[in-house]
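# Notes for the structure review
Here's the letter readout for the chains.
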Amino acid sequence: MNEFSMGRRRFLGLTAAAGAAAASAALLGEPVAAATSTVDYAGLKRALKGPLLRPGDAGYAVAARPYNSALGVRRPAAIAKVAGVDDVRTCVRRVRGHGVPLAARAGGHSYAGFSTPNNGVVVDLSALKGITIRGDGTAVVGAGVRLIDLYSALAAHGRALPAGSCPTVGVAGSTLGGGIGVVARTYGLTCDHLRAATVVTADGAVHTVDGNHDADLLWALRGGGGGNGGIVTSFTFGTVPAPTVTVFTLRFPAARTSRVLRAWSQWMDAAPDQLTSLCAVTAASTPANRVTGAWTGSASALTRHLTALISAVGASPTSRTVHTYNYLTAMKYFAGCLSKTVAVCHTPGQEAFRAASRMLDRTVTASIADRVVALMRKQKGMVLLFDSLRGQVGRIRAADTAFVHRDAHASVQVYSGNAANGPAVLAVQQALAPIVGHGSYVNYLNPGQKDWASAYYGTNLPRLRQVIRKYDPARVFDFQQSVLRA
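Given the structure is predicted, the values throughout are model-derived calculations rather than measurements. (Residues numbered from 1 in each chain as written. Predicted model: local features only at pLDDT ≥ 70, side-chain atom pairs only at ≥ 80, totals over all residues. Heavy atoms only, no water.)

## Observations regarding the environment of valine 393
Checked against the element boundaries, valine 393 lands in the loop between β17 (383-388) and β18 (410-416). A C-alpha to C-alpha distance of 28 Å links valine 393 and tyrosine 67, two positions 326 residues apart in sequence. With near-sequence residues (within four places) excluded, valine 393 lies in contact with Ala184, Gly188, Leu189, Phe403 and Arg406. (Helix = DSSP H or I, 4+ residues; strand = E, 2+ residues; numbered from the N terminus. Contact = heavy atoms within 4.5 Å.)

What follows is the structure in structure tokens.
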């Protein structure tokens, strides 16, 4: 699931204590209901073209392993490594109605592990890796494609799609939750470029969704969150000409962190759309700071913008790096695999982490900055990642897609590389609400969050619930934070 995210956190060295795909108690998985009858797994296996893995089978343990190792060992009843749309339909038709959790998994980065439910059936889409770039730049992308592979394929045609930095995040979960990325202000969210999709709904039917066919479902796919209403097997995106990207990182003295956060926020308010950036506040007795970002204008023009930020901070940076790359290389840079091949960048790994989020709904004032810094003085092994929004993200109305946070100034990810830090992360998320705002980003799922439905979806929740109920009236795709539980 996310994006402007794990690869870049690793690159920034922000795992201070040391993904989404589709959608236990707490973090260990929550069965939807007691099974009303037994799934015929032997029959399901015979009906599939791809393999069906059960506990004890070769490859099962690896296939069941989530990206977030803090989630522990997952024990789905079966993992269907589907070979295509027909296999997905077969899974839905044979599993529905048995009271068994059914979830799609693409990249496997679901922060809460909702894409790998204990005692459930996982529809593993990782084999759906096809990428077709049409002459007009439109890209048809299989649901099993990971971001680095899509970036590489598009680069060969001089095209780009705005998305996140973690190379192994699946394009599916990232898009369905919105898709905040490193050039969001310049080009918008990933979901803003979604033109059509192929979806298997709860009745096992295949829908080709676009602006003229099942347009309500297309609306929901643009930010309504993975795991709701159906399983997407392919996406059709509009793309943009691949830009040259100048990346930068500035660090300032820790004593200036409050001033840095305030200056950064006001700087982004005045910035042109070509600038997208992040401000990190790392917990310590004197919290540290870092500003990193991407600029799609001329490299020389960036200098005056960085000078303006430095002037507003009122202190010289303790370090400053600036590099200009083509788009693919810039994405490898943010992923922390600049010197590696795409194949190596693509190799899945694991991290142990806890995370949650809020959405910053206003420009940071001196009071807000001071309160954030005071909060982080009391924490250990934690970082706040403020990802700038507005720009092109804010030029779409909140009601026009399921992603509701169009007026947000930034997303705020609360992240800890300490697997034992879950309660502290949740406490910080709660403490941030009156300071920065009550919204949250659905791709930064936290299963302990009480206000998740209103925080993820805001005023779009009633319409989203209505759409999902239309395509999944029997709640076949059900999980702890399903829209139909809101």
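## Observations regarding the sheet that holds strand β16 (residues 354-360)
Read from one edge of the open sheet, seven strands run β15-β12-β14-β13-β17-β18-β16, paired in antiparallel fashion. The open sheet has two edge strands, β15 (319-326) and β16, and neither has a second partner. When the angles between neighbouring strand axes are averaged without regard to direction, this sheet yields 15°. As paired elements, strand β12 (residues 244-251) and strand β14 (residues 288-295) share five bridges and run antiparallel to each other. Bridge assignment links threonine 246 to a residue of β14, and that residue is tryptophan 295. Across the sheet, helix α9 (residues 257-270) is in contact with β12, β13 (275-282), β14, β17 and β18; its angle to β13 comes to roughly 160°. The strands that helix α13 (residues 366-377) touches are β13 and β17; relative to β17, the one it contacts most, it runs at about 150°. (Pairing = 2+ DSSP bridges. Axes fitted to C-alpha atoms, helices over the stretch in contact; angles between N-to-C directions.)

## Some words on the packing of aromatic side chains
Counting across every chain of the model gives 14 aromatic pairs. Their ring planes at 85° and their centres at 5.8 Å tell us that tyrosine 151 and tyrosine 327 sit as a pair that is edge-to-face. Placement of the pair is tyrosine 151 in helix α5 (residues 147-155) and tyrosine 327 in helix α11 (residues 327-335), with a sequence separation of 176 residues. Taken as a pair, tyrosine 151 and tyrosine 327 share a single burial class, namely buried. Judged by centre distance (5.5 Å) and plane angle (80°), the ring pair of tyrosine 333 and phenylalanine 334 falls under edge-to-face. For the pair tyrosine 333 and phenylalanine 334, a shared accessibility class is recorded, and that class is buried. What links up through ring pairs into an aromatic cluster is the set Tyr111, Phe353, Phe403, Tyr415, Tyr441 and Tyr444. (Phe/Tyr/Trp six-rings, centres within 6.5 Å; stacked < 30°, edge-to-face > 60°. Buried < 20%, exposed > 50% of the residue type's maximum accessible area, 1.4 Å probe, protein only.)

## Observations concerning the state of the cysteines
Scanning the model with the defined rule gives one disulfide in all. Shown here is the disulfide that connects cysteine 337 with cysteine 345, its sulfur atoms set 2.0 Å apart. Disulfide cysteine 337-cysteine 345: torsion about the S-S bond near 115°, hence right-handed. For the residue pair cysteine 337 and cysteine 345, the accessibility class agrees, reading buried in each case. Free of any disulfide, cysteine 166 has its nearest neighbouring cysteine sulfur in cysteine 337, separated by 9.3 Å. Residue classification places cysteine 166 among the buried residues on the basis of a relative accessible area of 1%. The thiol of cysteine 191 is unpaired, and the distance to the nearest cysteine sulfur, on cysteine 166, comes to 19 Å. (Disulfide = S-S within 2.5 Å.)

## Describing the sheet that holds strand β6 (residues 139-142)
The strand order across the open sheet built from five strands is β5-β6-β10-β8-β9, with neighbouring strands paired in antiparallel fashion. Looking at the sheet topology across the chains shown, the edges are occupied by β5 (131-133) and β9 (206-209). Sheet twist, expressed as the average angle between the axes of neighbouring strands with direction ignored, equals 15°. Across three bridges, the pairing between β5 and β6 is antiparallel. Directly across from threonine 132, in β6, lies its bridge partner valine 140. Contacting β8 (194-201), β9 and β10 (230-237), helix α4 (residues 85-95) crosses the sheet at an angle of about 45° to β8.

## Notes on the nonpolar core
One finds Tyr41 and Leu125 to be the most contacted residues of the largest nonpolar core, which totals 110 residues. With seven residues, α11 is the largest single contributor of residues to this core. Not counting chain neighbours up to four residues away, the residues in contact with tyrosine 41 comprise Leu52, Arg54, Ala77, Ala78, Val100 and Val121. With 42 residues, the next largest nonpolar core counts Trp295, Ala301, Leu302 and Val428 among its residues. (Core = buried A, V, L, I, M, F, W, Y, C linked by side-chain atoms within 4.5 Å.)

## Quick notes on the side chain of threonine 233
Here threonine 233 is to be found in strand β10. The exposure class assigned to threonine 233 is buried, which follows from its relative accessible area of 5%. Non-local contacts of threonine 233, meaning those with residues more than four positions away in its chain, are made with Val85, Val88, Leu128, Gly142, Ala143, Thr198 and Val200.

## Looking at the pattern of salt bridges
For the structure shown, the criterion picks out 10 salt bridges. The closest approach of N and O atoms between lysine 81 and aspartate 124, which form a salt bridge, is 3.3 Å. Residue lysine 81 is found in strand β2 (residues 78-81), and its partner aspartate 124 is found in strand β4 (residues 121-124); the two are separated by 43 residues along the sequence. The residue arginine 485 makes a salt bridge to aspartate 478 at a minimum N-O spacing of 3.0 Å. Under the relative-accessibility criterion, arginine 485 is labelled partly exposed at 27%. (Salt bridge = Lys/Arg side-chain N within 4 Å of Asp/Glu carboxyl O.)

## Observations regarding the pairing of β6
Here β5 folds back onto β6, and the loop between the two strands holds five residues, one of which, glycine 137, carries a positive phi near 90°. Here four bridges tie β6 to β10, and the two strands are oriented antiparallel to one another. Residue alanine 139 lies in a different strand from β10, and its bridge partner there is phenylalanine 237.

## Brief notes about the environment of histidine 346
With respect to the element layout, histidine 346 can be found in helix α12 (residues 342-346). Between the C-alpha atom of histidine 346 and that of glycine 144, which follows or precedes it by 202 residues, the distance is 12 Å. Those residues within four positions of histidine 346 in sequence are excluded, and the remaining contacts are Arg146, Ile148, Asp149 and Thr168.

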